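# Topology and contacts: notes
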Amino acid sequence: MFSTGQLIFAGCFVVAFIVLMIISYRKDLQLHRKYYKGSIFILIGFIIFILLLFALKTYLRPE
């Protein structure tokens, strides 16, 4: 389906992208701590909401 060159390019691209994302995140870590303080609670609430919807869909399914 893909040629060898395309697979090599995709692999190099993925590795370079991940490395650049890690470098960028570490560079901005102080800003993240300052401006996004407490956002973990939003994430936890969102995950609980999704799990609640999934549970309701599973257990209240009409048979």
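Note that residues are indexed from 1 along each chain, following the sequence as it is written. Per-residue local features are limited, in this predicted model, to residues with pLDDT of at least 70; the limit for side-chain atom pairs, both in listing and counting, is 80 or more; totals at the level of whole chains, interfaces and linings are taken over all residues. Only hydrogens and water are set aside; all other atoms, that is, all heavy atoms of the structure, feed into the side-chain values.

All right, on to the overall build of the protein then. Secondary structure elements follow DSSP: runs of H or I of four or more residues count as helices, runs of E of two or more count as strands, with numbering from the N terminus. For the protein, the count of helices and strands is 3 helices and 0 strands. For the protein, the α and β elements follow one another from N to C terminus as α-α-α. The globule rule puts the C-alpha radius of gyration for 63 residues at 11 Å, and the 20 Å found for the protein is more than 25% above it. Along the first, second and third principal axes, the C-alpha set of the protein runs to 50 × 45 × 10 Å. Each radius of gyration is computed over the set of C-alpha atoms, and the globule rule expresses the reference value as 2.2 Å times the number of residues to the power 0.38.

What follows concerns the packing of aromatic side chains. Two aromatic rings, drawn from Phe, Tyr or Trp (for Trp, its six-membered ring), form a pair once their centres lie within 6.5 Å of each other, and the interplanar angle then sorts them: stacked below 30 degrees, edge-to-face above 60, tilted otherwise. Enumeration according to the criterion identifies 2 aromatic pairs in this entry. Residues Phe13 and Phe17 carry aromatic rings whose centres are separated by 6.3 Å and whose planes lie at 15° to one another, so their mutual orientation is stacked. In this pair, Phe13 and Phe17 are both assigned in helix H1 (residues 4-27), 4 residues apart and thus about one turn of the helix distant. Judged by relative accessible area, which is 47%, Phe17 ranks as partly exposed. By way of ring pairs, the aromatic residues Phe9, Phe13 and Phe17 are connected into one cluster. Here's how the labels work: a residue is buried when its accessible area is under 20% of the maximum for its type, exposed when over 50%, partly exposed in between, all with a 1.4 Å probe on protein chains only.

Here we come to the UniProt feature "transmembrane region" (unreviewed entry) in the protein. UniProt positions are given in the numbering used here, feature names are shortened, and annotations may be inferred rather than shown by experiment. As annotated by UniProt and renumbered to match this structure, "transmembrane region" (unreviewed entry) occupies residues 6-23 and 35-56. Counting secondary structure, residues 35-56 comes out at 86% helix and 0% strand; the distance between its end C-alpha atoms is 35 Å.

In this section: the environment of Ser24. If you trace the backbone, Ser24 turns up in helix H1. Assessed through its relative accessible area of 35%, Ser24 is described here as partly exposed. Sequence separation between Ser24 and Tyr36 is 12 residues; the distance between their C-alpha atoms is 16 Å.

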